Amino acid sequence: MASSSFISTQQYHSSCKFSSTLTAFNCSCFSRFPSFFPPKHTLRLVRVGDRVVGETSTTTRDGKPSKNLSFSITQKLSKNGSRRLGSGNETLVKKSVEDLVNLEVEERNGKRVQRDKNVRNSSGSANGMKTGSGISNIKSISDNSSLKVSGGSRNGEKVKEKSMRKQVVEEKDKLSKGSNEIPFRANLDMCSKMGDFMGAIKLYEWTQREGIKLGQYHYAVIMYLCSSAALGVIQPAKSGRGNRTLSSLALSEVGSYENPITLGEQHDNKENIVQSTNILEDEDLKRYALEKGFEIYEKMRAENIPMNEATLTSVARMAMSVGDGDMAFDIVKQMKPLGLNPRLRSYGPALSTFCNKGEIDKAFSVEKHMLEHGVYPEEPELAVLLRVSINASNAEKVYYLLHKLRTSVRQVSTSTADLITTWFKSKDATRVGKAKLDKVKIREAIENGGGGWHGLGWLGRGKWNVSSTNVGKDGMCKACGEKLITIDLDPIETENFAESVAAIATKREKNSSFQKFQKWLEHYGPFEAVIDAANVGLFMERNFTPSRVNLIANGIRQKLSSKKWPLIVLHNRRITGRKMNEAVNRTLIEKWKNGNALYATPTGSNDDWYWLYAAIKFKCLLVTNDEMRDHTFQLLGNDFFPRWKERHQVRFSFSATGPVFHMPPPCSVVIQESEKGHWHVPIASEHSYEEDREWLCITRGKSHLHMTRQEDPLKIKEPPNQKIKSEPNKQGQSQMAT
């Protein structure tokens with residue numbers, strides 16, 4: 001059974017302390033969790049614009065009101081924009097979710113009645129209506145039968161009410177049978193979209209009263225909202241921002257407003273997080289969410305509801321809310337035996353909890369488990385590991401993480417750059433390093449590693465100097481004058497990359513269009529440059545401008561050794577039409593064709609595949625300002641792509657004197673470690689050109705290395721009197737807070 005593999009909450013040892021108003025659970029499944037009397041909530045639905053808003057007033061045990069929590073439930077309105085009780089204009093008030101179902105059915109039926117009335121008024125008679133007898137036959141509200149309605153208004157109202165009650169029963173029956181045409185699923189999805197924890201709990205409690213059985217999806221949504229509320233930060237589950245939702249790493253940090261980190265998107269200040277989330281400051285409400293979350297989890301286990309990765313991750317997040325990293329990690333360990341593949345977000349709660357507590361060994365055991373199961377940490381995960389390593393004065397782990405950042409991140413965010421600066425300015429960084437090392441061995445390690453790093457440990461002695469600088473067009477650091485290197489691309493990797501692009505394009509393009517392009521390249525190639533003509537012709541323009549393409553083509557042509565025309569890839573719709581028949585535009589197009597430099601992609605094709613493949617195949621320059629981040633390029637899923645783009649993409653702009661080309665950087669934009677032990681760290685930039693990119697230049701005042709072959713450079717020795725810190729130092733925390 002699925003439940004047998006899970007950790008019982010009865011085995012959970014929580015060391016957290018709650019307020020004196022709390023009491024112990026009587027339920028055995030919560031014997032190890034503190035409890036309290038849930039706040040008294042009264043739900044009031046109020047129409048605001050085109051939706052109904054519920055206001056929940058909370059009252060503590062001593063009768064004092066606490067902060068209100070509002071939530072929204074989608075509610076269709078009648079044509080006049082309002083609903084009334086009786087004959088008055090008072091605001092509609094409902095006290096339970098059951099009334100929402102009634103309201104939905106009533107609204108639906110009301111529209112049908114109104115529609116029938118409109119038909120009768122417009123045509124003078126309705127289907128089946130008999131005049132002169134004082135009795136009319138109208139189509140019933142029910143879809144399955146018809147009713148005779150007296151001409152008297154009272155009898156008509158009674159029949160209408162009876163029909164509505166019948167419809168409510170039918171809706172409840174549909175709900176219990178799992179019908180998709182019910183308001184429950186829509187309201188639950190709205191709670192998920194709005195981050196509405198209390199609304200989801202009201203819905204859940206209603207299903208329990210009605211004896212309605214929920215499925216795996218329903219539980220996953222409710223558990224997510226419970227875990228978010230328990231952590232004190234609720235972000236809508238369907239936010240549409242980035243590739244990943246707000247992670248547990250972010251949630252743990254936002255609670256204290258220190259170093260907020262989101263997965264999929266880095267933020268340099270807390271305001272960006274707060275604007276996209278709901279911050280809960282009501283501690284009673286957080287505890288209530290924790291209680292309900294574990295209560296629902298135990299119910300799922302008791303009823304053998306299949307668990308998925310999302311639900312278990314929510315349980316791990318609840319464990320994180322009470323600071324139990326061991327439980328959060330144990331939950332992840334249970335996934336594989338249940339046939340579930342843990343994801344990066346699954347490890348967030350355990351990793352964040354261990355790092356926040358300074359438990360460095362446990363934190364790296366989480367990272368080890370990730371790698372063993374094919375899950376690779378990204379910058380947010382590496383950043384929290386870096387922070388705990390710095391606080392623990394563990395120079396070996398810091399060195400290890402710098403190289404992890406070098407391989408998987410390459411250019412770091414400003415918040416990670418601040419952490420790196422904090423380390424190199426610390427006394428711990430000053431004390432570690434080898435003053436005597438075999439220089440020949442260092443050069444061999446750099447050569448074997450492909451250049452840009454040696455991986456033999458800290459070199460040199462003394463205080464580190466950290467400065468912010470740029471790298472010149474010659475690849476020289478403007479701060480220290482050291483020449484940064486260019487890491488060559490693997491020819492085999494390049495060939496495989498070209499084949500993967502061709503395979504995807506061939507599958508997606510129609511009528512063998514891409515194979516025809518490949519044959520055309522074999523006949524007219526090779527080319528030294530390829531131009532994304534649509535990107536160039538629409539740059540800073542509302543309409544496609546061929547003259548812009550011609551300027552860029554002529555400009556890049558002068559930079560090529562062969563002076564041959566670059567390949568201009570353009571969709572055929574760009575070279576047809578009334579504007580393209582103008583003399584000046586037609587002359588340019590004919591000139592490109594005569595030079596065998598223009599390839600017009602056919603109707604229905606995606607020209608992105610064409611210019612990308614040509615640039616990869618010929619290992620040539622690609623002129624475009626397209627950052628290549630959309631779904632087309634995400635299909636490649638290849639770590640080789642950003643490295644290739646860095647070495648081949650030419651960005652452009654225009655000045656008063658003509659086109660300006662921003663050539664590929666003269667060095668690889670990646671963390672570099674020199675044979676002198678110096679470091680250069682590039683900082684991620686969204687819009688600036690490479691010459692404007694900020695770098696950290698990190699050098700050592702005393703970096704003289706004496707040749708010797710007797711010391712093992714892989715081992716980092718700590719000074720004999722140095723003590724490893726078990727708790728984060730206050731100075732480091734204040735420096736790292738952003």
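Just so you know, these numbers come straight off a predicted model, no measurement behind them.

Draft legend 1. Looking closely at the packing of aromatic side chains. Across all of its chains, the model carries 27 aromatic pairs by this definition. Residues Trp 458 and Trp 464 carry aromatic rings whose centres are separated by 6.1 Å and whose planes lie at 70 degrees to one another, so their mutual orientation is edge-to-face. What makes Trp 458 buried here is its relative accessible area of 3%. Judged by relative accessible area, Trp 464 falls into the buried class, the value being 3%. An aromatic cluster is built from Phe 514, Phe 517, Trp 520, Tyr 524, Phe 527, Tyr 599, Tyr 610, Tyr 613 and Phe 618, whose rings are joined through pairwise contacts.

Draft legend 2. Quick look at the packing of helix H13 (residues 379-391) against helix H15 (residues 414-424). At a closest axis distance of 10 Å, the pairing of H13 and H15 adopts a crossing angle of 20 degrees. In terms of orientation, H13 and H15 fall into the roughly parallel class. In terms of crossing hand, the pair formed by H13 and H15 is left-handed. Counted together, Glu 379, Ala 383, Leu 386, Arg 387 and Ile 390 of H13 and Thr 416, Leu 419, Ile 420 and Trp 423 of H15 form the full contact between these two elements.

Draft legend 3. Here's a closer look at the packing of helix H21 (residues 546-557) against helix H22 (residues 583-594). The geometry of H21 relative to H22 is characterised by a closest axis approach of 10 Å and an angle of 40 degrees between their N-to-C directions. Here H22 runs oblique to H21, going by the angle between their axes. The handedness of the crossing between H21 and H22 comes out as left-handed. Note on element contacts: H22 touches H21 through Asn 585, Leu 588, Lys 591 and Trp 592, opposite Pro 546, Ser 547, Val 549, Asn 550 and Asn 554. Considered class by class, the residues forming the contact of H21 with H22 number 4 nonpolar, 4 polar and 1 charged.

Draft legend 4. Up close: the UniProt feature "repeat: PPR" (unreviewed entry) in the protein. Per the UniProt annotation, the sites labelled "repeat: PPR" (unreviewed entry) are residues 343-377. Taken end to end, residues 343-377 comprises 74% helix and 0% strand; its first and last C-alpha atoms sit 10 Å apart.

Draft legend 5. Looking closely at the pairing of strand S15 (residues 649-655). The pairing of strand S14 (residues 621-623) with S15 spans 2 bridges and is classified as parallel. Looking across to S15, one finds that Leu 622 is bridged to Gln 649. Here 5 bridges tie S15 to strand S16 (residues 658-662), and the two strands are oriented antiparallel to one another. Its bridge partner being in S16, Phe 654 is matched across the sheet by Pro 659.

Draft legend 6. Structural context of the nonpolar core. Residues Phe 197, Ile 296, Trp 423, Phe 424, Trp 458 and Trp 679 are the most contacted members of the largest nonpolar core, which totals 88 residues. Top contributing element to this core by residue count: helix H5 (residues 216-231), with 9 residues. Filtering out sequence-adjacent residues up to four positions away, Ile 296 remains in contact with Ile 201, Tyr 204, Tyr 219, Ile 222, Met 223 and Cys 226. Core analysis: the next-biggest nonpolar cluster, separate from the first, contains 33 residues, Phe 517, Ala 615, Ile 616 and Leu 622 among them.

Draft legend 7. Examining the confidence of the model for the protein more closely. Scored by pLDDT, the protein comes out at a mean of 74, with 64% of its residues at no less than 70. Per-residue pLDDT stays below 50 along residues 703-738; that stretch engages in 69 contacts with residues further than four places along the chain or on separate chains.

Draft legend 8. Local environment of the pattern of salt bridges. Per the stated rule, a full pass over the model turns up 22 salt bridges. Close ionic contact of Glu 367 with Lys 404 constitutes a salt bridge, the shortest N to O distance being 3.9 Å. Here Lys 404 lies in helix H14 (residues 395-408) and Glu 367 lies in helix H12 (residues 360-372), a separation of 37 residues in the sequence. In terms of burial, Glu 367 and Lys 404 fall into one category: buried. The partner of Arg 548 in a salt bridge is Glu 541, with the nearest N and O atoms 3.1 Å apart. Using a relative accessible area of 18% as the deciding quantity, one classes Arg 548 as buried. Judged by its relative accessible area of 34%, Glu 541 is partly exposed.

Draft legend 9. Local environment of the environment of Cys 667. You can see Cys 667 is positioned in the loop between S16 and strand S17 (672-673). Judged by relative accessible area, Cys 667 falls into the buried class, the value being 2%. In sequence terms Cys 667 and Asp 488 are 179 residues apart; their C-alpha atoms lie 10.0 Å from each other. Apart from the residues within four sequence positions on either side, Cys 667 is in contact with Val 471, Leu 484, Ile 485, Thr 486, Glu 646, Arg 647, Gln 672 and Trp 695.

Draft legend 10. Summary view of the sheet that holds strand S12 (residues 567-571). The strand order S13-S12-S11-S14-S15-S16 describes an open sheet built from 6 strands, whose pairing is mixed. For this open sheet the edge positions go to strand S13 (598-601) and S16, each flanked by a neighbour on one side alone. Recorded for the sheet is a direction-independent mean angle of 25 degrees between the axes of neighbouring strands. Packed on one face of the sheet, helix H25 (residues 640-648) meets S14 and S15 and runs near 45 degrees to S15.

Draft legend 11. How the structure looks around the environment of Leu 231. In this structure, Leu 231 sits in helix H5. Note: C-alpha distance between Leu 231 and Met 318 (87 residues apart in sequence) is 7.2 Å.

Draft legend 12. Quick look at the side chain of Thr 207. Here Thr 207 is to be found in helix H4 (residues 197-210). Apart from residues lying up to four places away in sequence, Thr 207 is in contact with Phe 184, Ile 212 and Leu 214.

Draft legend 13. The arrangement of the side chain of Thr 421 in detail. If you trace the backbone, Thr 421 turns up in helix H15. In contact with Thr 421, other than residues within four places in its own chain, are Val 466 and Leu 696.

Draft legend 14. Region of the structure containing H4. The terminal C-alpha atoms of H4, which comprises 14 residues, lie 20 Å apart, in line with the 20 Å expected from a rise of 1.5 Å per residue. For H4, the N-terminal capping position is held by Asp 196, with its side-chain oxygen 2.9 Å away from the main-chain nitrogen of Gly 199. Looking at the residues trailing H4, positive phi occurs at Gly 211, about 70 degrees.

Draft legend 15. Quick look at unusual backbone geometry. Gly 525 connects to Pro 526 through a cis peptide bond whose omega is 0 degrees. With respect to the helices and strands, the residue Pro 526 is situated in the loop between helix H19 (513-524) and strand S11 (529-532). Phi at Ser 512 is positive, roughly 55 degrees, even though this residue is not glycine. Along the chain, the position of Ser 512 falls in the loop between helix H18 (491-508) and H19. Not every positive phi belongs to a glycine, and Lys 563 is a case in point at roughly 60 degrees. Mapped onto the elements of the fold, Lys 563 is located in the loop between H21 and S12. Judged by its relative accessible area of 40%, Lys 563 is partly exposed.

Parameters at a glance
Residues numbered from 1 in each chain as written. Predicted model: local features only at pLDDT ≥ 70, side-chain atom pairs only at ≥ 80, totals over all residues. Heavy atoms only, no water. Phe/Tyr/Trp six-rings, centres within 6.5 Å; stacked < 30°, edge-to-face > 60°. Buried < 20%, exposed > 50% of the residue type's maximum accessible area, 1.4 Å probe, protein only. Axes fitted to C-alpha atoms, helices over the stretch in contact; angles between N-to-C directions. Helix = DSSP H or I, 4+ residues; strand = E, 2+ residues; numbered from the N terminus. Parallel < 35°, antiparallel > 145°, perpendicular 65-115°, else oblique. Left-handed = near helix turned anticlockwise from the far one by under 90°. Contact = heavy atoms within 4.5 Å. Nonpolar A, V, L, I, M, F, W, Y, C, P; charged D, E, K, R; others polar. UniProt positions renumbered as here; feature names shortened; annotations may be inferred. Pairing = 2+ DSSP bridges. Core = buried A, V, L, I, M, F, W, Y, C linked by side-chain atoms within 4.5 Å. pLDDT = per-residue confidence, 0-100. Salt bridge = Lys/Arg side-chain N within 4 Å of Asp/Glu carboxyl O. Expected span 1.5 Å × (residues − 1). Polar contact = N/O pair within 3.5 Å; in protein donor to acceptor, adjacent residues only side chain to side chain.

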